[in-house]
Amino acid sequence: MKLKSRPKRMGKVLGLAISIFIQIYWYKWTRKSEAQWTVLWENSGKKVRDTLFELEGLLIKAGQFLSIRADLLPGPFIAQIRDLTDQVPSSEWAAVKNVLEREWGCSVENRLQQVEKKAVASASIGEVYKGLLKNGDEVAVKVRRPGIDSVVETDFRILRILMWMAARFAPVPKGFIDFPLLYGELRQVIEQELDLTSEKETLLSFRERFRESGDVIIPDVHEELCTDQVIVMEWLDGVKLSDAHALAEAGIESDDLAGRLLDVFLPQWLEPGLFHADPHGGNVLVSESGKIILLDFGMYGEISERDAEAFQSLIGALLAKDYKKAALSLRELGFLQKDANSSVIEDVLAELMSFKPAELKGKDLLAIKLELNRRIQSLPIQVPARFIFLGRSFITIEGTIRSLVPEEELMGLMKPAFINWINSHGNRKWFFLWEWIQSHPFFSPLHLITGFLKTPEKLQLIKENEQRRHFHFTLYENRKKQWFQLFLLSLAGSGAGLYGEHTLLMQISIATAAASGAGLLYTGAKLREWMNRWPNHPG
């Protein structure tokens, strides 16, 4: 483990965070061009990636966590940390052997006939070794990384401080993201990965879930050899989904494989229960017989009954073209910000659902996708912390499927997979059928009557819109607060630079203090001007 010293680890990460915050505020103050912002985010992403890879530990997991928050972080920054792989040099075999013997209470030779002393996979939290049991069974021995305990609390403390700083100094709208909740979610997930007993129980849960499936293989577990730091499971060989040549040699058709992947993962995303949150190329393989192999259940999420019902209600509303109900479902799930205008979301949903794949012919697909991303990012939506890993799972599988089939065939794959899922739900399929029937013109008079009955609700919405005139007051108040916080942060940076004899940091902090002081005076003046214009302001 690199740089175990607590002060040095904290100093390196927090110093980087402060410098990035100062640069962001400076760019805002000096009104830099879009091209200059792009360069700033790219350079910041590179620095974050290099620093996290150097420090290893839990911080790499935190970087991976950030890399899937495209709803919060700029694209150029995400692009730099997206390839932050969790591949680190393996530990010395002697240290790994000590862990195994301490956990098993006997020598490795008493449990294993033989074991390869070089890890077949090595990550920031765990390492995997190939071994052979006394009865001749090949096994994968996963061991918690030696030395990880020495930096766990330090890294958690670093992450907690970073979230505290982001909540107060990050230039994002108030309430845009709950940073304490985000930290809690991140800590919970990392603690799950640290506890291999939790991974073992998740693996057993997936074995039970797919027990009747003839298309999915989950490794068996040798529970007598498992502890909270060691898990021993069946060794499974398979072909990587990215190896097109090997798939072709095995007679596995890409489009069929893509469809079966959807059949495996769609229920995980829509039904109550656990879902695999890290289905990358090393964790999803294909056996010689064409069956899908799922490995590594250290990162998982769970869909609650309530969220599953809300997701299914959202699907039903979209089928019925009831975009008001769809927006309500999104709000119930927490995807809409508190002050989001539902009518804007309804209009965007209507536009998206009216889109026809046939219209793609002859058009620039990349340009359409970029425009769609731009539209989505401009909406008042957010990804709730509890769905971060659901998004990771979906995006990973989507990327895998895109590598297997052409872009224009994606919708053709989704339809049969969705129909298969509906047909597997018995009475639930009649709910979706009813929602679809209601979308037909025959029901138009009924929709008009329903709209009339909802007039009081619309009047309430008008009242809420009228209250939005207070928005500017809150905006100026928040900006004034941010300038003041930046001023204090700059003073702290000046002190840190002076104490650590870091001339550049001290110079930047002094300049930022001057700029933030000017910004504070300017915002105060604008606030007084607005208050004179609106005598009945909320203050």
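These numbers come from a predicted model, not from an experiment.

### Examining the overall build of the chain
On a plain count of helices and strands, the chain comes out with 22 helices and 11 strands. A burial count over the chain gives 43% of its 539 residues as buried. For the chain, the share of sequence-separated contacts (at least 6 apart) that also reach a separation of at least 24 residues comes to 69%. For the chain, the exposed area adds up to about 28,800 Å²; of that, 57% sits on carbon and sulfur atoms.

### So, the side chain of glutamine 80
When you line up the elements, glutamine 80 lands in helix α4 (residues 75-81). If we skip the residues at most four places from it in the chain, glutamine 80 touches Glu42, Gly45, Lys46 and Arg49.

### Notes on helix α5 (residues 93-104)
Helix length check: α5, at 12 residues, gives a terminal C-alpha distance of 16 Å against a target of 16 Å (1.5 Å per residue), a fit within 8%. When α5 is considered as a whole, its buried residues turn out to be Trp93, Val96, Val99, Leu100 and Trp104. Taken down its axis, α5 places every buried residue within 125° of arc, on the same side. In α5, the exposed positions that point more than 90 degrees away from the buried face belong to Ala94 and Arg102. Elements that come into contact with the buried residues of α5 comprise α6 (108-111), β1 (112-115), β3 (126-133), β4 (138-144) and β6 (230-234). A positive backbone phi angle near 75° is found at glycine 105, which sits one or two residues after α5.

### As for the packing of helix α12 (residues 305-319) against helix α13 (residues 323-333)
It is at 8 Å that the axes of α12 and α13 come closest, and there the two elements cross at 160°. As far as their axial angle goes, α13 and α12 are roughly antiparallel. Between α12 and α13 lies a crossing of left-handed hand. Facing α12, whose interface residues are Arg306, Asp307, Ala310, Phe311, Ser313, Leu314, Ala317 and Leu318, α13 presents Tyr323, Lys325, Ala326, Ser329, Leu330, Glu332 and Leu333.

### A few points about the environment of phenylalanine 156
Within the secondary structure layout, phenylalanine 156 lies in helix α7 (residues 149-169). On a C-alpha basis, the gap between phenylalanine 156 and leucine 58 in space is 7.9 Å, while along the polypeptide they are 98 residues apart.

### What about the nonpolar core?
Core analysis: the biggest nonpolar cluster contains 108 residues, and Leu294 and Ile401 have the highest contact counts within it. The element contributing the most residues to this core is helix α1 (residues 6-29), with 10 residues. Residues in contact with leucine 294, not counting those within four places in the same chain, are Phe210, Val216, Ile217, Ile218, Pro219, Val264, Phe265, Gln268, Asn283 and Val284. Among the nonpolar cores identified, the runner-up in size contains 17 residues, and Val96, Cys106, Val143 and Val232 belong to it.

### Topic: the confidence of the model for the chain
In the predicted model, the chain carries a mean pLDDT of 77, and the fraction of residues at 70 or more is 72%. Considering each helix and strand of the chain separately, the mean pLDDT is smallest for helix α19 (residues 444-453), with a value of 40, and largest for β6, with 96. Under a pLDDT of 50 for its full length, residues 433-469 has, in the predicted model, 21 contacts with residues more than four places off or in other chains.

### Regarding helix α3 (residues 58-67)
In an α-helix there are 3.6 residues to a turn, and that puts residues three or four apart on one side. Buried residues dominate α3, accounting for nine of its 10 residues. Of the positions making up α3, those classed as buried are Leu58, Leu59, Ile60, Lys61, Ala62, Gly63, Gln64, Phe65 and Ser67. Those residues of α3 that are buried lie in contact with α1, α2 (34-55), α4, α7, α8 (179-194) and α16 (388-404).

### What to know about unusual backbone geometry
Of note in the backbone geometry, arginine 31 takes a positive phi value of approximately 50° without being a glycine. When you line up the elements, arginine 31 lands in the loop between α1 and α2.

### Describing the side chain of serine 393
Take serine 393: it is sitting in helix α16. Those residues in contact with serine 393 that sit more than four places away from it in its chain are Phe265, Trp269, Phe275, His276, Ala277 and Pro279.

### Here we look at the sheet that holds strand β9 (residues 284-286)
If you walk across this open sheet you meet the four strands as β5-β10-β9-β7, and the pairing is mixed. Strands with a single pairing partner mark the edges of an open sheet, and in this sheet they are β5 (216-217) and β7 (239-240). Strands β5, β9 and β10 (292-294) of the sheet are contacted by helix α11 (residues 254-270), whose axis makes an angle of about 40° with β10.

### Digging into the packing of α3 against α8
At a minimum axis distance of 11 Å, the contact between α3 and α8 shows a crossing angle of 125°. Our classification of the angle between α3 and α8 gives oblique. Every pair of crossing elements has a handedness; the one defined by α3 and α8 is right-handed. Taken together, the residues of α8 that come into contact with α3 (itself represented by Leu58, Lys61, Ala62 and Phe65) are Leu182, Leu186, Ile190, Glu193 and Leu194.

### Some thoughts on the packing of aromatic side chains
Counted according to the given criterion, the structure contains eight aromatic pairs. For the ring pair tryptophan 41 and phenylalanine 77, a centre distance of 6.2 Å and an interplane angle of 90° mean the geometry is edge-to-face. Of this pair, tryptophan 41 sits in helix α2 while phenylalanine 77 sits in helix α4, and the two are 36 residues apart along the sequence. The class for phenylalanine 77 is buried, based on a relative accessible area of 7%. Taking the centre distance of 4.8 Å and the plane angle of 40° together, the rings of phenylalanine 206 and phenylalanine 297 count as tilted. Taken together, the residues span a long stretch of sequence, with phenylalanine 206 in helix α9 (residues 196-209) and phenylalanine 297 in the loop between β10 and β11 (300-303) at a distance of 91 residues.

Scoring rules and cut-offs
- Residue numbers restart at each chain and count upward from 1, following the sequence in its written direction.
- Local features in this predicted model are restricted to residues of pLDDT 70 or higher, and side-chain atom pairs are both shown and tallied only at a pLDDT of 80 or more, whereas totals for entire chains, interfaces and linings draw on every residue.
- In computing side-chain properties, one takes all heavy atoms of the structure into account and sets aside hydrogens as well as water.
- Strands here mean DSSP runs of E at least two residues long; helices mean DSSP runs of H or I at least four residues long; both are numbered from the N terminus.
- Note on classification: 1.4 Å probe, protein chains only; a residue is buried when its accessible area is under 20% of the maximum for its type, exposed when over 50%, partly exposed between these limits.
- By definition, residues are in contact when any of their heavy atoms lie within 4.5 Å.
- Each accessible area is a Shrake-Rupley result for a 1.4 Å probe, and residues are judged covered by the shown protein chains and nothing else.
- Residue count minus one, scaled by 1.5 Å, sets the expected span of a helix.
- In this description, one arc is meant: the one made by directions from the helix axis to the C-beta atoms.
- A fitted line through C-alpha atoms represents every axis, and for helices the fit uses only the stretch in contact; the resulting angles, taken between N-to-C directions, go from 0 to 180 degrees.
- Here roughly perpendicular refers to angles of 65 to 115 degrees, roughly parallel to angles under 35, roughly antiparallel to angles over 145, and oblique to all remaining angles.
- Less than a right angle of anticlockwise turn of the near helix away from the far helix marks a crossing as left-handed, whereas a clockwise turn marks it as right-handed.
- Within this scheme, the nonpolar core is defined by two criteria: the residues are buried Ala, Val, Leu, Ile, Met, Phe, Trp, Tyr or Cys, and they are joined through side-chain atoms within 4.5 Å.
- For every residue, the predictor states its confidence as a pLDDT score lying anywhere from 0 to 100.
- Note on pairing: DSSP must find at least two bridges between two strands before they are called paired.
- Aromatic contacts are taken between Phe, Tyr and Trp rings whose centres are within 6.5 Å, Trp giving its six-membered ring; a plane angle under 30 degrees counts as stacked, one over 60 as edge-to-face, and the others as tilted.

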